[in-house]
Structures are given as structure tokens and as C-alpha cells.
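Breakdown of the fold
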Amino acid sequence: MVNNKINALGIAYLQKFTQYSPNASAIITSVDSIYGGDSGINYYFEFQLNSYLPEGGKVSITFPSIYISLFTVNSNCYLRADSQVLVGAQAYCSIISSSQLVIVPNGVLLSTSQAYYFTVTNITNPNMDLSSYKFTIQTFYFTDVYSPSVISSSTFSSPILSIITVKQCQLQVNLSIYNAGLPAQYQINIICPASIKQASQLKLYLNWNPQTTSQVCSGDSSILYSTQCNILNEYSQTTKMTYLSIYLRAISAQKLVSITGSITNGNQGTYQLNATINYNGFVYLNATSNQFYISSSTISGNTGSNGGSSSGQAITVKNANYPLNRNYPSIYTFGITNPQVIVSTLQILVPSIITQS
Amino acid sequence: MGSITCQIYPSVSTVTYPTIIVTGYDSISAGTTVRIRFANLKSLPVGITDDITLGVSLTYFYYGGVKGYIYEPVSFVVGPTTAAINPISISYSVSEVSTNVVGELSNYTLSGTIGNSFQTITTHDFFVVTFPPYVFEGRFNLNTQALCSRASGNVCSVFGLASQIYIQPSSSVTAAAFSFTINKLLNAAYKL
């Protein structure tokens with residue numbers, strides 16, 4: 001600038017530019033459970049800034065992607081009481097995304113040489129070696145988490161977890177009826193080498209899509225967490241998987257678990273069912289059942305409105321009731337003619353309009 | 001020994017004037033020349049003459065609703081401005097010697113040549129280095145330690161919000177080729 005005027009002007013490019021520092025540091029001081037797959041776990045953190053953070057800035061902690069979303073598991077985050085006293089009431093910790101939380105000084109100038117502590121609740125431990133997964137601490141110049149104003153960034157180690165292997169149970173499935181398409185009582189007998197946790201979910205995978213179920217299972221009250229047992233669907237990639245869902249109580253290892261539920265049989269064929277037991281979605285037991293065969297020889301005999309008869313595929317069912325008066329107790333007599341197969345189980349479906357007297 | 005604060009109050013009508021209030025300075029001995037520089041104020045339109053009023057008042061005390069002036073405002077004329085000139089070109093490069101990490105100090109060397117029609121840069125003129133926005137965001141006062149090699153006493157006039165450094169050469173610059181350093185300049189407050 002010559003004689004108060006811009007006289008000459010040029011532009012040059014800076015080869016390097018300001019990078020964030022590695023000053024901020026953090027560690028996980030302890031976790032409530034070191035077992036993989038455990039849920040509802042508290043993680044305890046410690047961090048120290050080691051460099052200036054403006055009062056309007058913030059500290060961010062990012063979990064490795066392997067962790068289940070902090071929103072899904074309903075995690076919460078709070079400053080430990082003594083740290084809260086140090087920073088004052090207005091500073092807070094908050095979970096802002098599925099894998100990220102922020103500590104907002106909210107007008108407080110945090111000490112650069114003071115360790116602060118905070119706790120994150122309800123975390124589900126991944127069931128794997130986490131040595132290659134790192135947590136990240138970052139400090140931001142602005143409160144706005146989305147502005148790229150990183151002052152400092154560094155990573156710290158995940159906790160060392162004890163990996164839980166999935167153990168095999170023995171599973172025996174017995175059916176009351178082995179005819180295709182008919183409702184049958186499924187007796188599920190399972191013995192596991194490890195104890196079952198309270199409120200675990202047993203999933204018995206059905207590789208067909210049953211049309212009916214009573215939605216109630218029976219079993220010892222020391223076994224069933226709820227008598228409710230639903231047929232549900234889940235998707236593995238695009239494959240739809242149907243399963244019977246049963247919730248179990250805490251059961252010691254090697255104890256026979258026997259549950260009966262009503263399921264409509266699938267089509268003719270050989271079946272072998274898979275089952276898993278999970279706690280909060282973490283599978284820790286599984287089993288494969290005995291094989292059983294569903295035959296195609298479903299014999300249907302349709303009755304007429306009053307004593308009529310019609311033929312099924314292989315046999316003819318005849319029936320007659322007496323007397324024929326409306327809404328009157330009546331005796332029904334059924335007869336099978338021309339049986340071409342050996343009848344082992346006879347199931348008569350009675351229309352709901354006929355009630356037991 | 002704190003940092004000086006300048007607050008700008010824009011004009012809100014034709015009878016109120018935009019005002020800059022400067023606070024936070026140390027006591028000033030009588031007979032001292034004080035220079036306060038403001039960066040990035042827009043200059044007047046071409047051909048216009050106006051006046052600026054400067055006074056010193058007590059900021060926190062009012063006497064009967066009247067602001068208590070220690071020194072009554074005095075006016076001085078600014079302008080007229082003249083038409084803009086087309087600056088001649090400078091080709092130069094910057095070498096950075098530092099780790100370029102937030103919160104650390106960097107050293108810069110600026111070397112280049114001023115193009116044709118070079119005019120002598122006197123001790124009343126300036127080298128002005130404009131950095132990208134937000135480089136001096138934050139703790140401006142820490143940049144008082146910066147050293148500019150051309151200036152007398154190595155004084156760098158760092159304008160934090162304007163991201164500019166004014167360097168007044170200690171002696172006239174008569175050669176088109178130049179090289180000077182800016183040392184101990186605080187890096188940006190965050191990754192840019």
C-alpha cells in the first residue's frame with residue numbers, strides 16, 4: 001500500500017495449513033461388564049483437553065461403528081458428580097447421534113490440565129475383539145457439531161472384552177400330528193450346556209409360513225417368562241425368516257426346557273428346525289432339532305349342512321346327527337368308508353357354529 | 001495490559017452516525033501520540049468529502065443524562081477519495097516453517113517480486129498480508145507476540161477479524177524484489 005492506496009496486489013498459496021492437534025486425550029476407565037454381548041452396561045470415561053477450548057466450543061466422543069446405535073439401546077450420558085461440580089451446572093453431556101455424544105461447556109472455560117469424568121449408560125458390548133476399533137475424542141471451536149472446526153482429535157482404545165462363544169443345545173421337536181397343513185401341538189424340548197438368562201428369547205425357526213397359531217404356549221411357569229408365543233418374521237438380507245418367539249426365565253444349565261405350542265404344519269417333506277436363544281438380540285445359544293417327516297396324506301372329508309356326505313381324496317367321511325332339531329343337543333356319528341391308508345390319527349374339524357352342549 | 005476492544009455501532013438513521021467505541025486501553029500519558037488502526041472499514045465513494053469526529057468520554061458515567069467527555073469531540077476531514085487504480089501485480093510465494101498445528105506458532109517467509117511500475121515503498125506505506133478468513137479467529141491478543149521482519153521493532157499489526165497483517169517498513173524499500181518473514185504467528189484456532 002503506497003500513499004494510502006493499494007498499489008500492487010498478488011496471491012500466493014499456502015502449502016500447508018492449520019491441522020488439528022492431537023492434544024485432547026481420553027480413556028475408558030472402566031466398564032460394568034467385560035463380557036461380549038452383555039447389554040445395559042455403563043461405560044466410564046475420563047478426558048483431558050490439554051489445549052485451549054473456548055467457552056462456546058464442545059468436546060465430542062465418537063464410538064466405533066461396531067457398537068449398536070446409542071439411540072437404539074436408549075443410552076444416556078452424564079458428567080460424574082464431582083466433574084459436574086467443577087464445570088458448573090450449565091455444562092452438560094448429550095447423545096447427539098447413533099455413535100456420538102458431546103460435552104458442551106455451555107459458557108464455561110474448561111481447564112486444560114484437569115481430568116473430567118463422564119458416564120454413558122445402557123451400552124451393549126460387541127461380542128468381538130475390539131483391539132482394532134478405536135474411540136475418538138475431538139474438540140470443536142464452535143458449538144455447532146456440523147461446522148468443521150476441529151481443534152484437536154485423537155483416538156483411544158476400546159475396552160478389552162471377553163468374547164462369548166455361541167454354545168450348542170440339544171433340541172428335540174415332537175409333533176402331535178405329522179399331516180401337512182394341519183394344526184399340531186409342537187412339543188419343544190431343549191437342553192443347553194449353559195444357563196439361560198432371564199427374559200431371553202427362544203426363536204424356533206420355521207421354514208414354512210404357518211397360517212394359524214394359538215399365540216399361547218404352555219410350559220412350566222419356572223420356564224416361561226410369558227405364555228405369549230407369537231409367530232413373527234425377520235429378514236436376513238432379503239430372505240424372510242419365520243419363527244416362533246418364546247420368552248424364557250432364568251434357567252440353569254442342563255435343565256430340560258419343555259414347551260408346547262400350536263403350529264400349523266407345513267407341506268409334505270422332511271423338516272429339521274433351527275433354534276436360537278438371544279438376550280436383547282445377542283444370540284448366545286443355538287440348536288438344531290431332530291429330523292421329522294410331514295406326510296402329504298391329509299384326508300379331508302367335508303360334511304354337508306345336515307347329515308350330508310362328500311368324498312375326500314382317499315376316504316369318504318359319512319356322518320349323521322340325531323335329532324335334527326335346530327339348537328338342540330344332538331349325537332353325531334362319523335364313519336369312514338373306503339379307507340385306503342392306515343388311519344393313525346383322526347382329526348375332526350367342527351364348524352364353529354356347532355357348540356358343545 | 002488486556003486486549004483493546006472495538007465495538008462498531010452502525011448508523012440506524014440519517015441523523016445518527018456510525019460509531020466505533022474503543023475500550024480496554026491502558027492509561028495514556030498526556031502529550032502521547034496514540035494511533036489506533038481499524039481494518040476493513042469501507043472507504044468513501046469517489047469525490048465525497050466527509051468528517052469524522054473523535055472524542056474521549058467516560059464510558060460508565062453519565063452526568064445528568066449527558067455523557068461526560070474528558071476530551072470534547074473534534075472533527076477532521078476525510079476524503080475526497082479518488083478513483084481506484086489498477087494495482088500492479090506481485091508474484092510471490094510463502095514458505096511455512098512449522099508443524100501447522102492448532103495453537104502452535106508458525107513462521108512464514110514471503111518472497112517475491114513486484115511487477116512493472118514499481119514504486120518505492122516508504123516508511124509511511126505498508127505491506128499488507130491478507131490471510132484466509134478465520135485464521136486469526138479467537139485469541140487475537142496472543143498474536144501480539146508475532147514478529148514482522150520488515151517493520152521497525154518487528155511490530156506486526158495483526159487485525160484478527162479482518163485476517164490481515166499490516167507491516168510498516170522501517171526503511172524505504174527501493175527494490176522490486178522482496179523477502180520478509182512473519183514469525184511466531186499463532187495458527188488458526190481450529191482446523192481450516
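Remember, predicted model here, so these are calculated numbers, not experimental data. (Residues numbered from 1 in each chain as written. Chains lettered and ligands numbered in written order. Predicted model: local features only at pLDDT ≥ 70, side-chain atom pairs only at ≥ 80, totals over all residues.)

Brief notes about the overall build of chain B
Rule in force here: In this description a helix means any DSSP run of H or I spanning at least four residues, a strand means any run of E spanning at least two, and both kinds are numbered starting from the N terminus. Residue pairs qualify as contacts under a 7 Å threshold applied to their C-beta atoms, which are placed from the backbone.
Across its full length, chain B holds zero helices and 11 strands. Ordered by position from the N terminus, the helices and strands of chain B form the series β-β-β-β-β-β-β-β-β-β-β. A sequence separation of at least 24 residues applies to 57% of the contacts in chain B between residues at least 6 apart.

A few points about the environment of Phe135 of chain A
All names here are of chain A. Looking at the secondary structure, you find Phe135 in strand S9 (residues 134-140). Separated by 73 residues in the primary sequence, Phe135 and Thr62 place their C-alpha atoms 5.7 Å from one another. Residues in contact with Phe135, not counting those within four places in the same chain, are Ile61, Thr62, Phe63, Pro64, Thr155, Phe156 and Ser158.

Points about the pairing of strand S11 (residues 177-186) of chain B
Residue and element names in this part refer to chain B. Quick reminder of the rule: When DSSP finds two or more bridges between a pair of strands, those strands are recorded as paired.
Inspection of the sheet shows strand S6 (residues 105-114) paired to S11 by eight bridges, in the antiparallel sense. Note on S11: the bridge partner recorded for Leu105 is Leu186. Strand direction decides the pairing type here: strand S8 (residues 147-148) and S11, joined by two bridges, are antiparallel. The partner of Leu147 across the bridge, within S11, is Asn183.

Considering the confidence of the model for chain B
Heads up, the condition is: Scored from 0 to 100, pLDDT records how confident the predictor is in each individual residue.
In the predicted model, chain B carries a mean pLDDT of 84, and 92% of its residues have values of at least 70. Across the interfaces of the predicted complex, the ipTM metric reaches 0.76, alongside a pTM of 0.65.

Details of the sheet that holds strand S5 (residues 88-97) of chain B
In space, the five strands of this open sheet follow the order S1(A)-S5(B)-S6(B)-S11(B)-S8(B), with mixed pairing throughout. Two strands close off the open sheet at either side, each with one partner strand: strand S1 (8-9) of chain A together with S8 of chain B.

Quick look at the sheet that holds strand S2 (residues 25-31) of chain A
Residue and element names in this part refer to chain A. Selection criterion: Convention adopted: a line fitted to C-alpha atoms gives each axis, helices being fitted over their contacting stretch, and angles between N-to-C directions are expressed from 0 to 180 degrees.
Spatially, the four strands line up as an open sheet ordered S2-S3-S8-S5, and their pairing is antiparallel. Two strands bound the open sheet, and with one partner strand each, they are S2 and strand S5 (77-79). Averaged over all pairs of adjacent strands, the angle between strand axes in this sheet comes to 25°, irrespective of strand direction. Taken together, the six bridges between S2 and strand S3 (residues 41-48) define a ladder with antiparallel strand orientation. Opposite Ala26, over in S3, you have Phe47 as the bridge partner.

A short note on the interface of chain B and chain A
Interface extent is often summarised as the accessible area lost during association of the parts. Test applied: Under the scheme applied here, ten amino acids are nonpolar (Ala, Val, Leu, Ile, Met, Phe, Trp, Tyr, Cys and Pro), four are charged (Asp, Glu, Lys and Arg), and all others, including Gly, are polar.
At the interface, 29 residues of chain B touch 26 residues of chain A. Contributions of two or more residues to the side of chain B that touches chain A are made by S5 and S6 of chain B. Of the residues assigned to the side of chain B that touches chain A, the class counts are 16 nonpolar, 10 polar and three charged. Relative to S5 of chain B, S1 of chain A runs parallel, the two being bridged by two bridges.

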